Each structure stands twice: as C-alpha cells, then as structure tokens.
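# Results of the structural survey
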Protein chains: 4
Amino acid sequence: MKHYQRLEGMVAATFTPMDARGDINLSVIDKYADLMAESGMAGVFVCGTTGESHSLTTGERKAILAQWIKSARKRFKVIAHVGSNCQLEAMELARHAQEVEADAFAAMAPCFFKPSSVKDLVDFFTPIAQSAPDLPFYYYNMPSMTGVSLSVPSFLIEGKKTMPNLVGTKFTHNNLMEMGECLELNNGEFEVLHGYDEILIAGLALGAVAGVGSTYNYLPAVYQNLFDAFKEGDICTARRMQQKSIEIVKIIIKYGGGVRGGKAIMNLIGVDCGRCRLPVTPFGDDEYSSLKRDLEKIGFLN
Amino acid sequence: MKHYQRLEGMVAATFTPMDARGDINLSVIDKYADLMAESGMAGVFVCGTTGESHSLTTGERKAILAQWIKSARKRFKVIAHVGSNCQLEAMELARHAQEVEADAFAAMAPCFFKPSSVKDLVDFFTPIAQSAPDLPFYYYNMPSMTGVSLSVPSFLIEGKKTMPNLVGTKFTHNNLMEMGECLELNNGEFEVLHGYDEILIAGLALGAVAGVGSTYNYLPAVYQNLFDAFKEGDICTARRMQQKSIEIVKIIIKYGGGVRGGKAIMNLIGVDCGRCRLPVTPFGDDEYSSLKRDLEKIGFLN
Amino acid sequence: MKHYQRLEGMVAATFTPMDARGDINLSVIDKYADLMAESGMAGVFVCGTTGESHSLTTGERKAILAQWIKSARKRFKVIAHVGSNCQLEAMELARHAQEVEADAFAAMAPCFFKPSSVKDLVDFFTPIAQSAPDLPFYYYNMPSMTGVSLSVPSFLIEGKKTMPNLVGTKFTHNNLMEMGECLELNNGEFEVLHGYDEILIAGLALGAVAGVGSTYNYLPAVYQNLFDAFKEGDICTARRMQQKSIEIVKIIIKYGGGVRGGKAIMNLIGVDCGRCRLPVTPFGDDEYSSLKRDLEKIGFLN
Amino acid sequence: MKHYQRLEGMVAATFTPMDARGDINLSVIDKYADLMAESGMAGVFVCGTTGESHSLTTGERKAILAQWIKSARKRFKVIAHVGSNCQLEAMELARHAQEVEADAFAAMAPCFFKPSSVKDLVDFFTPIAQSAPDLPFYYYNMPSMTGVSLSVPSFLIEGKKTMPNLVGTKFTHNNLMEMGECLELNNGEFEVLHGYDEILIAGLALGAVAGVGSTYNYLPAVYQNLFDAFKEGDICTARRMQQKSIEIVKIIIKYGGGVRGGKAIMNLIGVDCGRCRLPVTPFGDDEYSSLKRDLEKIGFLN
C-alpha cells in the first residue's frame, strides 16, 4: 500500500448529480468539486449511501468516480465506495478505483444475503480489498441500512490479517461504545471516521478526528467551527454548532432524510444535483417552497 | 400482453449452478432442465432468491436465463426474476427477458432504499413492467428478505392501473390473511403463487393452486402428492406429505437455509450445482457427510 | 393432574368488562357467560391478552376469574391465564386458579426481561405450573407481543420433564411450520390451540382441532360453520367462512386491533364490556358510528 | 410541587438485594446505602430496570423503597421508580412514594400494550404523575427494553401541560440527537439524566450534567473523575476514564448484562445482593471465578 496520510476534519459524502429524468449528470461535478475545495473538505466519499450507490449501474459508478478524481484536481482526497451485494461487482469497482487513482476506497456489507459472523464478513471483503492493494481500505459499518451488525473491533483485528490495506472504518452506527473500542485498538492503529453528523461532538469526545457525512456538503462552516472549537477545548461553542447541525438534520428528516432532503438543499444552494432515482421519490415544487421556508426560519439560506 | 395460461402446481425456484471457484456453470442446466421436466414442474423461477440474484452481475443473469429457456424446450414455463436495487438494471433484465422469450417475469422490491408506500412501489415497478409489455408480470413479495412490507392487495389493485401486464404475486410471507385477501380480489382476478413450501397445505386451504419454492427441486413427488391429495379432499394424505416436507426443511435450516442447504442437496442427488457465492459460505466436506446422514435418517436419498 | 378432556372447537378469549372509568365490572359476566354457552363455546380463556391481563392488578384478575367460573356453571370450560412478568404473581394466580377450580390454566412468557433459551423458559414456568398441579397447563406462545420466540416443540418436550401437567400450547404465531411440528410431537401428545382466528383454516389444514381467539366472541356461527365444514371435507364452505372472518378482522385492525375494536363490537351487540384501560385508548362516539357503518356494510349486525 | 434541586453527577440505579431463594433481603440496604453515601452519589434510583421492578410484586416494591429512604438518612436523594404495565399499580406506587417522602419519582412506558402516540403516552402518565403531585416526575425513556420509541422532546412539551411536576427524563437511548434536543428545550427547562454509563462522555459533550446507571454502584471513582475532568475541560482524562468504564461494561455484557453481571460484581465487592429473580438466571460458582479473573485482568478488584 502506498503511503497514506490519515483523514482529519470534514469528508463530504457526495450526492450523485442527476437530470430531470434521473440520468446521471457528470457536467455538474466540476462546480461541485470547486465548492468542496473552497469549503475546506479533507475529502469526498463518492457513490456511498448519499450517492445512491445501490441505485446505480456499475458503469455509472465508474464514470462518476472518474469524474470526481478529475474534478478534484488533488485539492482534497477522493474515496471510492465500491460496496455491492455482488462481490464480483465490488471487486471490479475496486480495481477501477485503483486504476483511476482514487486515494482510498470503502465498502459496506452486502444487505440481501447477510454475513452472519465476523469471519464471513472478512471472507467476503478480502478479495475486494485485494483488488486494489495499493489503496487504503475502510469498512463502512452501517447496520441501520445493511442489517449487518457484527463486531467492528473484531473485524478490524481479524480483517487486518488478510487485508493489509485495511486502515479503518467509516462508523455510521449509534453504538458509540463500540466506536470507542475501535479508537482504542492497538493504541489507535485504526482510523475511525465518524458517520452521524448530528452527533459529531459525541464522536469527537470519544476521540474521533474526522467525520464523513452528507450535511458537510452544505454546512461546512458550522462543522469546521465545531471541529476547531472542540480541538481548542471550547465545548460550549462546539455544542452550539452541534445544535445548529441538529436543527438542519431535523428539517431533512422531515423531507425524507439525508439523501432526498439533502439533494434538495444542494439544488437550493446552487449545485444542480437534480432529483433522486426511485425508489427515492422526486421532490415536488410545493416541497421546495416549504423546505425553503423551513431553512429560512433557522437562518440558513441567508 | 400475449395470452397466458395460469400456473398450477409446482414451480421450482432454481439454484444457479456454479463451479468450485463460484463462477457460473451453464453446462449443467441441460441436465437440470431434464430433471425439472421429468419431475412434472409447471415452471421454473430463474435467478430469484434461491438463484442468488443479488450476488450475480447483470451479464450473468442474462446468460443464465437464456440458457434455461433453451434447455427448457417448452416443456415447462420459464419465469425470469429481474428484481434489483437498481431500477435501470431491472428494466434491462426485463427487456432481455422479453427478447429471449421468457414466459413471464417477476421482481422483488428494492431492499436498500425501500419504497415506503404502495404508490412508491407502483412507481418503482411501472417502468420495469413496461419494459416487457408482452410478458405477464408478478410482484415477488418477500418482506423477510427485502424489509418491504406493504399491502399486497392494494399494490395489485393500484398497480394494475399502470401495469396492464401485472397478473399476480409470488407471495413469500407468513401473513396468510393477506394472502387470502389477494386470492379474493375481484373474484380471483390475480394469481397468487404460494411461496413457503413448508406450509403449502395452508396456502391450498386458503385457495392457492400453485407454489414457487426451492424444495420442489428435490422433493417433487412429495409435493405432487400433496397437491393431488388436497384437490381430492384427502386432507390426511396432504398433511402427511406436508410433514415430510417439514422434515426436510428442518434439515436445510440446520445447514444454513434453503439456498445453502438446498444447493448441497442438489449436489447429493446428482445435479452439480457447485457452491454458493459469498456471503453465502461454501459447504465443507464434513457438512456433506453430516447432511447425508441426516437425509438418510428421514428416508430421503433412498 | 385430574382427568382432562381435550378441547375441540371454539374457545373465546374473553374481554374484561369495565365501566366508564375503566374499573372492572363483574356484573356483566353472567350475561356474557350465557352468550358463550348459547354460542357453543367449548371454553373461555380469561384474562389473557384480550382480557388485558397486563393492565390488571392481581386482585382484579382473581375476582374476574372467580366470577367466570361461577357464571359458567360448568356449561363450558374456564381456562385461567396466569402469565405475568413477575413469577411470584403468576404462582399466586396459579394457586388461586386451582382453588377456585378452573378447568385449566395457561401463561405467556415474561416480556420485560426475556428468557433467552428453552431451558430458561422451562425454569421460569416450572414453579408456576407446579403451583396448580391438578390443572392442565398450556404455554401461551405469542412472540409478536412478548418478544420471546423460542422453539415451542423443544419447550414441550423439555418442559414435560418438570411439568407433568403441561398439556399443550396456545399457539399465537404465524410460524405454521412450527405449529405443524408441535402437532406431530410423539404422535399428537400435545394439544395445539390455534391462536390466529383470521387463518383458522390454515391451522385446521395442519391438524389443529381447537382455536382460542377474540373474534369467536361475536362471530360464533361463522366459526362453527368453518369447523364443521372443514371436518366434513367441504373446503369451499370453510374457505367462504374464513373470508367472512377476514372481513371482520380487517375492520377491527382499522379500529386499533382485536382488543380495542373487539370490545367496541361487544358493546354494539349488547354485552356491555365498556372501555379498555390505558394505554389502550377509549373508543369515541364518532368511532362507534363509523364502526357500525363498517359492520353493516359487510352484513354483520343484521 | 416542593422546591427541588436539580441532580448533578452520579445517580446509582440500585440492585434489589435478594437471598439464595430469590426473596428480597431488606437487611442489606443499610450497608448498601452507606456505600452510596461514601461514594459521593447524588442519588439512587430504586426499583428501576437494574432493581428488577417488573419481577417484583407491588408490596415488595413499596418495602424496598421505604427501606432505602430510611437507610439513606438524607445523605443522597432517593428516586422511586413506579413504572408498571398496570396503570393502577403505578398510581398506587406513586402515592406511596409521596407518603414515604421519596425525593422524586420516575416511570417507564408500559411494554405490553404500547402507547402509539405522544398523546397516548401523556394520557397514560398523567394520572400517575398526579398521584404524587408534591414530587418531581421524570419520564424514563428506554426504547430498547419497552419497545416504546416516541419523541421525548414532544412528550416533555405536551406532558408539562397536564403534569406540572414533570421535570425531565432519564434518557436511556442511543439517539443522542434527540437527547441534545431535550437539553435545548426552552433554554434548558428540563433535566436530562444520561442513562448509558459506557458513553457518559458523549452525554456530557451534548450538555448533560447527571447520569443514572448501574455501573456507578461499583465504579464511583472512575465516573467521579470523568465528571470532574470533563467539567475542567480535560477531555483526555475524561476519555481515559470512559475507556475504563467501557472495559468493565464489556465484561458485564459477557456475563449477561448490567443486571445479572452487575449484581455478581456487587457480591464480589462485599455488598450481598444475592441472586437475580427468574427469568434472569442465577450466577454459578464457575461464573464467579471466571468473572473474578476477568475483573482482576483489568485491574478492578485490587
């Protein structure tokens, strides 16, 4: 594996820009990448949950990743999500990620047939991780979506034996005790990317130093402030920033969650991400008006 | 839609033959199809859950379906499962199913992002059903695997409006009251294919006349007997046959369920279906010995 | 244990009559018992789920049971439900059931701390069953409410060793394969009381001969017809009766389920069962009008 | 309501001392209370989950509470848990708590029939809260055990209208965003008692200032240190203390969880709490040896 510097700070889980028909729209990514660079992102996480990976074809996922790497122009890291229910597809995507020189890659567990032990999870991921041996690999732990809730500390320890490029986990789970255990393993051998933006402060308290999420896309100043304040020991400011984040998360929940609501916010702030692909339903005009009002009420959009 | 005769009796959910590395092995399908014809199958259900659809690439699914249609030689119907988390993939598979002249097709709900209303489910399926307008379409309802548990009677009624080729449901759910409702709709307008082999007799009692499942592959005589006895009003014989089926289902549960355990039984009875693809783990030699003993104990394999 | 004849046919899970304040109202039980006798009930199941056991004090449960035994006047059996999260309370209720000469008793699993193995369930129930050694004891299996889903066949086999009066199970679960296994154990050693009225025909197909449920209270003719038709091999009539039952179950689901909706129907047919106790919410006047209309639409109440 | 000072720091959820037969053993409580006083507890939470409330009779719960109030000798607050599936029992316990001069009381939601809206939860609790109008009332939110997961912020706002003595919530849930919302309501109108000891630091980061849990009983120095360090902005020390807490929580999970494993630890440190009541199974001698070794390995028990 190539030398790799640990992530610190914000990593945006990017939305996949689409047009009115739901076809992917690569032309937006240049502008999107500029915004990410200006916002101080340490990296972007491409074609994850927020990027609607499960709703995309293999070809689409490759095209989107390649465009992000080009548009990023090395201003921030590009992490490819290659997870799939089909191990062969994940392997193909991993090979591609290495070919197009992504900085790292990650995969969630398969969610139809589910691995039932840490060993099975390691066995499933090993050929995937080995398909891009030069790139650092993160296990994307997200039981709420995959239904796979296996011990992440055990996975990291066991997985390291067959996947030397396993460097950590994107931890999107509210079991913060387990997250604390991951951070402690072998004196901090593994990176733990905090995955729930609305409780980032809790992750920082436990020792995380980086977060991956969808709300970083449109609230970078708030989170940058939160990271900085916490680092300086100014818990009050950090907490105030977290409350701002909670306010906006409450709104996106009202509009169907981080993918659907978040994509609508991107459109409102001028990055034309279009609609989501079914089964995530399109956003109606009425909803845009109502969302705008809700956002104005909390001082966002000003 | 072309004229289509309703299914009656047994439909085998086929296993996808693979080799020792987990690559698909089309060469076995001729022999497999002969067995299905000899066993009196009304049809086969290709690349469904038993066929490991979620673990296959689009190309593999097309190749397997095409081979089954060729090998079937019109001795029984071939129903293509085209369900996918990616609507575009499902549409492509539906078009292909019509091109290669499958007799019918079916799709399960997407299981990562989940439709949250009957309307959303109808919207998701409509372009898929319309991609093969000449073929009858079944909704494959299986909440235990997809996590989508929406009213099937409502789906059938609402879905018929935009999908004229919607003819029924493969009902793999233990909510038999709902199954009863589906059977009653508009005096039996829709076909309801019973999906839990181990309680087929309950489905027949409620009015089903066809079943789709994986154990039909290797227990055809038992189920044929069950269907016949029930039709003649001989509940005692039907119940005895059901108990035989329950005995074998208890065994496959012990060996990891219908896909893993069932594929092993196929290998034991001489149809070389090979191993499963990860995350369904391979069957060990010890397990084969133990499975053989268990099957001999109940008089199967004699 | 005293000689005990197996149950056959309908057993009504009785509602607990209350007044407008939610206090229990014993005075109604005489009339209620007459209705049960006229309806051809084989027995009543007192202070179970339908009877709001968990919402009653120990003293109330004793008073209600004693009244039912008096009012029954041996015209039908009285089965006492003694289940509780508190083992001591269940033991006290069991002793009382034997004192007041109930015909049998039953208990559901504790639902706060949950037994995690068959052995633990046997250990929990043994002192309860032994508190009324002269009475037959049924295990009331209902995972949807208790969250305890342990193998009932194993429980029956293991439990019989320490509870000689264990005679069977009230099986309120949609795992009909497991129900089939219970019926087969040792050539039918154990009684299996079918617990989901809306799919009784499925239970009969698998071999059950008695059912316990709340809709027997107000639909006795339909179910009697169903039992009789099935026995005579007239599946069509049985299925038609089941559809009538499904129609009414759909209505009670609309009004909050079998306890809330069912109690309201009792009031409409002239057995003053009053309101439910919180957290089951009282039935409003508007709801009564609407429920009446719904019932008239399907020909009930005429 | 009488004047009431907010809780700050540690509140031990007490174990209910029992003898070898599982009968309650009040004689231990004097010594137990001395330990709590010496350990710097701000209060004790009596007959909650840790105290096995659901496994106790009404009479036992009253006796235990009365003894704690006597033994506490006003050295720390005594909070009575009065929650029950039976509203009448909860009301009786609330009246008793006021009579014996508990400092405050709390109730969890009923877990058999479950309130399905905030309004229903408010309606269920109102008569209970009103049964002890002089005492502050906390809603004990614990979805993992009760299965009731309703919006706590909405409950606090709505509930305050009919329960003037509603002062806050014991928040035992890993939805820390919601916990953050509760803390913010009306500029901190409500107390939020953090309920998951193993992630206390996360709760403090969000703004909590008190915690209720079972591990405070035997790890007071660690948690006191954690509270103090966090207050002084020394996150590193706080985090180190949290890791100590996580180490012991991992051990109690291994031995069946906080109630079963925790009670065994109490016995090891010299407070004779005896066994648990079924369905929580007794602790074997082998287990005690093994638990002792595990605790010694992490430096506890020295």
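Rules and cut-offs
Per chain, the residues get numbers from 1 upward, laid out in the order the sequence is written. For this description, chains carry letters from A and ligands carry numbers from 1, given in the order in which they are written. Residue-level local features of this predicted model are given only where pLDDT is at least 70; pairs of side-chain atoms are given and counted only at 80 or more, and the full residue set underlies all totals for whole chains, interfaces and linings. Note: side-chain values were computed over all heavy atoms of the structure, leaving out hydrogens and water. A run of DSSP states H or I qualifies as a helix once it reaches four residues; a run of E qualifies as a strand once it reaches two. Both are numbered from the N-terminal end. Every radius of gyration here is taken over C-alpha atoms, with the globule rule written as 2.2 Å times N^0.38, N being the number of residues. Each residue's exposure class comes from its accessible area (1.4 Å probe, protein chains only) as a fraction of the maximum for that residue type: buried when under 20%, exposed when over 50%, partly exposed otherwise. Only the protein chains shown count as cover for residues, and the accessible areas themselves come from Shrake-Rupley with a 1.4 Å probe. Only four residue types enter the tally: Lys and Arg on the positive side, Asp and Glu on the negative side; His and the chain ends are excluded. A charged residue contributes its charge at one atom only: NZ of Lys, CZ of Arg, CG of Asp or CD of Glu. A contact between two residues is defined here by any heavy atoms of the two lying within 4.5 Å. Buried area: the sum, over both parts, of the accessible surface (1.4 Å probe) that disappears when the two are put together. Polar contact criterion, stated in full: a pair of N or O atoms within 3.5 Å, where within protein one must be able to donate a hydrogen and the other to accept it, and residues adjacent in sequence count only if both atoms are side-chain atoms. Paired strands, in this sense, are two strands between which DSSP finds at least two bridges. The angle between two axes is taken between their N-to-C directions and runs from 0 to 180 degrees, where each axis is a line fitted to C-alpha atoms and a helix contributes only its stretch in contact. UniProt positions are given in the numbering used here, feature names are shortened, and annotations may be inferred rather than shown by experiment. Least squares is the method used to superpose the copies, on C-alpha atoms of residues holding a pLDDT of at least 70 in both. Between Lys or Arg on one side and Asp or Glu on the other, a salt bridge is scored when a side-chain nitrogen of the former is within 4 Å of a carboxyl oxygen of the latter. One less than the number of residues in a helix, times 1.5 Å, gives the span that helix is expected to have. Looking down the strands as they point away from you, a crossover is right-handed if its path from the first strand over the helix to the second goes clockwise. In this analysis, rings of Phe, Tyr and Trp, with Trp reduced to its six-membered ring, are considered paired at centre separations within 6.5 Å, and the interplanar angle assigns stacked below 30 degrees, edge-to-face beyond 60, and tilted for intermediate values. Note on criteria: charge over ring means Lys NZ or Arg CZ within 6 Å of the ring centre, with the direction from the centre no more than 35 degrees off the ring normal.

Moving on: the overall build of chain A. Check the secondary structure of chain A and you find 12 helices and 8 strands. Over its C-alpha atoms chain A spans a radius of gyration of 18 Å, differing by no more than 12% from the 19 Å that the globule rule assigns to 302 residues. Overall, the C-alpha framework of chain A stretches about 50 × 45 × 35 Å when taken along its three principal axes. Taken over 302 residues, chain A has a buried fraction of 65%. Per element, the accessible surface of chain A, about 10,600 Å² overall, is 49% carbon and sulfur. Taking the 30 positively charged and 34 negatively charged side chains of chain A as two groups, their mean positions are separated by 2 Å.

Counting from both sides, the interface comprises 29 residues of chain D and, opposite them, 29 residues of chain C. Both faces combined, the contact of chain D with chain C buries some 2,500 Å², and carbon together with sulfur accounts for 75% of it. Our count for the chain D to chain C interface comes out at 3 residue pairs in polar contact (both at pLDDT 80 or more). Looking at the side of chain D that touches chain C, the elements with two or more residues in it are helix H3 (87-99) and helix H4 (118-129) of chain D. Element by element, the count of residues in the side of chain D that touches chain C is highest for H4 of chain D, at 3 residues.

This next bit is on the sheet that holds strand S2 (residues 43-46) of chain A. All names here are of chain A. The strand order around the closed barrel built from 8 strands is S1-S2-S3-S4-S5-S6-S7-S8, with neighbouring strands paired in parallel fashion. The sheet shows a mean angle of 25° between the axes of neighbouring strands, direction not considered. Pairing of strand S1 (residues 9-13) with strand S8 (residues 210-213), which is carried by 4 bridges, proceeds in the parallel orientation. Within S8, the position partnered with Met10 by the bridge is Gly211. Contacts from helix H2 (residues 58-72) reach S2 and strand S3 (77-81), with the element oriented near 175° to S3.

As a further point, take the UniProt feature "active site" (unreviewed entry) in chain A. All names here are of chain A. Here the UniProt feature "active site" (unreviewed entry) sits at Tyr140 and Lys170. Across 31 residues in sequence, these annotated residues keep their C-alpha atoms within 4.6 Å of one another, forming a single compact spot. For Tyr140, the position within the fold is in strand S5 (residues 137-141). For Tyr140, the contacting residues outside a window of four places in its chain are Phe45, Thr49, His81, Ala107, Met108, Ala109, Lys170 and Thr172. For Tyr140, the side chain forms a polar contact with the side chain of Thr49, separated by 2.8 Å. Residue placement: Lys170 occurs in strand S6 (residues 166-171).

With that settled, consider the relation of the copies chain A and chain B. Of the transformation placing chain A onto chain B, the axial shift is 0.0 Å and the rotation is 180°, giving an RMSD of 0.0 Å. The operation mapping one copy onto its partner corresponds to a two-fold rotation axis. Taking C-alpha positions as reference, the residue of chain A nearest the rotation axis is Cys111 of chain A, located at 3.8 Å. Both copies contact each other with a shared surface, as 100% of the interface residues of chain A are interface residues in chain B too.

Moving on, we come to the relation of the copies chain D and chain C. Think of it as a corkscrew move, a rotation about one axis and a shift along it, taking one chain copy to the other. With an RMSD of 0.0 Å, chain D superimposes on chain C once it is rotated by 180° and translated 0.0 Å along the axis. Most of the interface of chain D is mirrored in chain C, where 100% of its interface residues again form contacts.

So, on to the arrangement of the chains. For the non-touching pair chain A and chain C, the nearest C-alpha separation works out to 19 Å. Chain D makes no contact with chain B, the minimum C-alpha separation between the two being 19 Å.

Each partner contributes to the interface: chain A provides 29 residues, whereas chain B provides 29 residues. Contact between chain A and chain B buries roughly 2,500 Å² in total, counting both sides, with carbon and sulfur atoms accounting for 75%. Three residues, Phe112, Phe113 and Pro279 of chain A, lead the burial of chain A against chain B; their summed loss comes to 30% of the area buried on that side. Along the contact surface separating chain A from chain B lie 0 salt bridges. Our enumeration of links across chain A and chain B arrives at 4 residue pairs in polar contact (both at pLDDT 80 or more). When residues of the side of chain A that touches chain B are traced back to their parent elements, those giving at least two are helix H3 (87-99) and helix H4 (118-129) of chain A. Top contributing element to the side of chain A that touches chain B by residue count: H4 of chain A, with 3 residues.

Right, let's get into H4 of chain D. Residue and element names in this part refer to chain D. The first and last C-alpha atoms of H4 sit 16 Å apart over 12 residues, in line with the 16 Å expected at 1.5 Å per residue. Among the 12 residues in H4, 9 count as buried, and that is most of the element. Among the residues of H4, those classed as buried are Val118, Asp120, Leu121, Val122, Phe124, Phe125, Thr126, Ile128 and Ala129. Where the residues of H4 are buried, they touch H3, strand S4 (104-108), strand S5 (137-141) and helix H6 (152-162).

Moving on, we come to the UniProt feature "binding site: pyruvate" (unreviewed entry) in chain A. Residue and element names in this part refer to chain A. When the UniProt feature table is mapped onto this chain, "binding site: pyruvate" (unreviewed entry) is found at Thr50 and Val212. The greatest C-alpha distance among the residues just named is 10.7 Å, despite their covering 163 residues of sequence, which places them together in space. Locating Thr50 in the fold gives a position in the loop between S2 and H2. Classification of Thr50 as buried rests on a relative accessible area of 9%. For Thr50, the contacting residues outside a window of four places in its chain are Ala13, Thr14, Phe15, Thr16, Ser214 and Val259.

Residue and element names in this part refer to chain D. If you trace the 8 strands once around the closed barrel, you get S1-S2-S3-S4-S5-S6-S7-S8, paired in parallel fashion. Between one strand axis and the next, the sheet turns by 25° as a mean value, whatever way the strands run. Looking at chain direction, strand S2 (residues 43-46) and strand S3 (residues 77-81) are connected through 4 bridges and run parallel. Bridge assignment links Val44 to a residue of S3, and that residue is Val78. Along the sheet face, helix H7 (residues 176-184) touches S5, strand S6 (166-171) and strand S7 (191-194) and points at about 150° away from the line of S7.

Moving on, we get to the environment of Met179 of chain A. All names here are of chain A. Assignment of secondary structure puts Met179 in helix H7 (residues 176-184). The exposure class of Met179 is buried, given its relative accessible area of 0%. Put simply, Met179 and Phe227 are 48 residues apart on the chain and 18 Å apart in space, counted from C-alpha to C-alpha. When near neighbours in sequence (up to four residues on either side) are disregarded, Met179 contacts Phe171, Val192, His194, Gly203 and Ala208.

This part is about the pairing of S6 of chain A. Residue and element names in this part refer to chain A. Burial analysis of S6 places 6 of its 6 residues in the buried class, which makes it a mostly covered element. Two elements, S5 and S6, share 5 bridges in a ladder whose sense is parallel. Looking at the pairing, Asn141 lines up with Phe171 of S6. Across 4 bridges, the pairing between S6 and strand S7 (residues 191-194) is parallel. When the sheet's bridge partners are listed, Gly168 is paired in S7 with Glu191. Once the chain exits S6 it traverses H7 before rejoining the sheet at S7, and the crossover so formed is right-handed.

So, on to the side chain of Ser131 of chain C. In this structure, Ser131 of chain C sits in the loop between helix H4 (118-129) and strand S5 (137-141). Those residues within four positions of Ser131 of chain C in sequence are excluded, and the remaining contacts are Met91, Ala94, Arg95 and Gln98 of chain C.

All names here are of chain D. The first and last C-alpha atoms of H3 sit 18 Å apart over 13 residues, in line with the 18 Å expected at 1.5 Å per residue. Those residues of H3 that fall on the buried side of the exposure criterion are Gln87, Glu89, Ala90, Met91, Leu93, Ala94, His96 and Ala97. Where the residues of H3 are buried, they touch helix H2 (58-72), S3, S4 and H4. Positive phi appears at Glu101, one or two residues downstream of H3, with a value of about 65°.

The final tally for this structure, using the stated rule, is 60 aromatic pairs over all chains. Taking 4.7 Å as the distance between ring centres and 50° as the angle between the ring planes, the aromatic pair formed by Tyr139 of chain A and Phe155 of chain A counts as tilted. A residue pair is termed long-range when its members are at least 10 positions apart, and Tyr139 of chain A in strand S5 and Phe155 of chain A in helix H6 (residues 152-162) qualify at 16 residues. With respect to class, Tyr139 of chain A is no different from Phe155 of chain A; both count as buried. Three or more aromatic residues joined by ring pairs form one cluster here, namely Phe105, Phe124, Phe125, Phe137, Tyr139 and Phe155 of chain A. Lying across the ring of Phe45 of chain A, Lys170 of chain A places its NZ or CZ 5.4 Å from the centre. Lying over the aromatic face of Tyr4 of chain D, Lys77 of chain D brings its terminal NZ or CZ to 4.1 Å of the ring centre.

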